[in-house]
Structure formats: C-alpha cells, structure tokens
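This is what each chain is made of:
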Amino acid sequence: MPDLNQLPDPATTISLLLADESATRALGEALAASLFPGLRIYLRGHLGAGKTTLVRSILKALGYQGRVKSPTYTLVELYPLSRLNLYHFDFYRFRDSNEWREAGFSDYFDHDNVCLVEWPEKAGQNLPDADLDIALEVLGYGEHVATDIGTEAVDASLDAHPRRALLRAHSPAGQRCLRSAALSTLQEGFS
Ligand SMILES: Nc1ncnc2c1ncn2[C@@H]1O[C@H](COP(=O)(O)OP(=O)(O)OP(=O)(O)O)[C@@H](O)[C@H]1O
Ligand SMILES: [Mg+2]
C-alpha cells in the first residue's frame, strides 16, 4: 500500500506516457484549451524530445493554420491568436544577457501573453519562474541521447521511442492550467 502522503499532489504533478507522436499531439490539444494570458510554460528535454511538436499541436488546436517554424535562430516567434498572444521561444542558441536586454525579452513575459519556452535553462537567470514545467523524456534510449544526438541515424531512431511527459505546476496559475486541461484520460499515474 503506497503511502498517500508521499504521492505528488495531482494538482501539481502529472506523469503521462506518450506512446507516439499522436499522443504528444493529444497532450498539446488538451493543454491548448486550458491556456490563459500570463501563463509561462517551460519545455525541457533533449534535442528531438518533442518540445516543438508539442508547441505545434497547441497552436494548431488554437486555430493557427500557418507553418510553425522552430525559433532556433530567431529565438522567438509571435503568434497573435484570436483569444491570446502566444510567444514561442527557443533559447538553445542564446548567448548572453546583453542579447536578452537588447531584444527586450522581459517585456514579453507579462500578464497579456502566453509564453512557451524551449531550452529555458539556457536563458539562465534572465527568465522569470515558470508556472508550469513540462519535461519530455525519451524512453528506452539510455545515455545515447546525450552523446549521439544530432546525427541522422539517431534522429531517425528517436521517433520509434515513446516519451514520458512530467508536468509540474509551480504556481496557482500552473495548477489551474493543469486542472482544467482534463489530462486524466491521458494519465498513466504518478512517478
Ligand atoms: N511521443 C512520441 N513518440 C515518438 N516520437 C515522437 C513523440 N513525440 C514526438 N515525436 C517525434 O520526435 C521528434 C521531435 O522533434 P521536435 O523538433 O519536436 O523536438 P524538440 O524537442 O523541439 O528538439 P529541439 O531541442 O532540437 O528543438 C519528431 O520527429 C516527432 O515526430
Ligand atoms: Mg524544438
């Protein structure tokens, strides 16, 4: 019998098994319906873990019909949607704090916008805290992911591996988003 006091609060932590890309897309659709202005969601995980795939499915579910480019070089893309402004960041190539100031990134993290951020750890201390963290893990891939990723062979084989998504709320806004996203149908339990 598990010690119930040791289990994470379901309003705070949810673990999902994403068997294939369509499961990742289903998560994006569920999250899209529960977004509201001001929300900061940070996406973590190795290269190719599925962060951009998740953002694409969120945008699609919100009615965006254009191409969603990975903002690896531009660092940010803005999507003015009917219901909200969504900023998609990718800080993989972020270099230093001057870049942050010059680009005026702080202004984007305000009450009016939803910010989805890939590679938040690369932005260092500049970023405000996340309301919701989503960590995507490639299952059954061992340590290869860390060392071999980026090669064509590895990239192709990544698609054959399921993902685990660990969603953690860090604020009342994050909890509200998790609760209303109705993720229970996708849920595998707590880890
Ligand atoms: N649950 C899943 N199971 C298997 N493959 C998946 C799953 N979710 C996404 N994928 C595949 O994994 C790849 C993820 O690529 P994506 O560009 O989304 O990764 P990323 O995390 O944004 O990488 P980067 O750090 O380079 O930006 C895609 O080829 C997608 O089809
Ligand atoms: Mg990406």
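Regarding the site of ligand 1
Taken together, 20 residues lie around ligand 1, and Glu21, Gly48, Lys51, Thr52 and Thr53 are the ones closest in. At 3.1 Å, a backbone N or O of Leu18 approaches a nitrogen atom of ligand 1. Ala49 is positioned such that a nitrogen or oxygen atom in its backbone is 3.2 Å from an oxygen atom of ligand 1. Here ligand 1, which alone exposes 650 Å², has 83% of that area covered by the protein. With three residues, helix H2 (residues 51–61) is the largest single contributor of residues to the shell around ligand 1.

A few points about helix H1 (residues 21–32)
With 12 residues, H1 should cover 16 Å at 1.5 Å per step; its first-to-last C-alpha distance of 16 Å lies within 8% of that length. Taken together, the buried residues of H1 touch strand E1 (13–18), H2, strand E6 (132–138), strand E7 (163–169) and helix H7 (172–180).

Some thoughts on the environment of Leu54
Inspection of the secondary structure puts Leu54 in helix H2. Taking the relative accessible area as the measure of exposure, Leu54 reaches 0% and is therefore buried. Spatially, the C-alpha atoms of Leu54 and Leu136 are 10.0 Å apart, while their sequence positions differ by 82 residues. The residues contacting Leu54, other than those within four sequence positions of it, are Thr24, Leu27, Gly28, Leu43 and Ile134.

Description of the coordination of the magnesium ion (ligand 2)
Every protein donor of the magnesium ion (ligand 2) is listed here as Thr52 (OG1) and Glu118 (OE), and their distances to the metal cover 2.0 to 2.2 Å. Of the two residues, Thr52 sits in helix H2 while Glu118 sits in strand E5 (residues 113–118), which places them 66 residues apart along the sequence. A relative accessible area of 13% places Thr52 in the buried class.

Here we look at the packing of aromatic side chains
Working definition: an aromatic ring pair is given by the centre-to-centre distance plus the angle between the planes. All told, the structure shown has 15 aromatic pairs when counted by the stated rule. Their ring planes at 25 degrees and their centres at 6.3 Å tell us that Tyr87 and Phe89 sit as a pair that is stacked. Each member of the pair, Tyr87 together with Phe89, is buried. Through successive ring pairs, a cluster of aromatic residues spans Tyr87, Phe89, Phe91, Phe94, Trp100, Phe105, Tyr108 and Phe109. Sitting over the ring of Trp119, Lys122 keeps its end group 5.5 Å from the ring centre. If you follow Arg176 out to its NZ or CZ, it ends over the ring of Phe36, 3.8 Å from the centre.

Conventions used here
Residues numbered from 1 in each chain as written. Chains lettered and ligands numbered in written order. Predicted model: local features only at pLDDT ≥ 70, side-chain atom pairs only at ≥ 80, totals over all residues. Heavy atoms only, no water. Near = heavy atom within 4 Å. Polar contact = N/O pair within 3.5 Å; in protein donor to acceptor, adjacent residues only side chain to side chain. Areas by Shrake-Rupley, 256 points an atom, 1.4 Å probe, with all protein chains shown as cover. Helix = DSSP H or I, 4+ residues; strand = E, 2+ residues; numbered from the N terminus. Expected span 1.5 Å × (residues − 1). Contact = heavy atoms within 4.5 Å. Buried < 20%, exposed > 50% of the residue type's maximum accessible area, 1.4 Å probe, protein only. Donors = N, O, S within 2.8 Å, 3.2 Å for Na, K, Ca; no water. Phe/Tyr/Trp six-rings, centres within 6.5 Å; stacked < 30°, edge-to-face > 60°. Lys NZ or Arg CZ within 6 Å of the ring centre and 35° of its normal.

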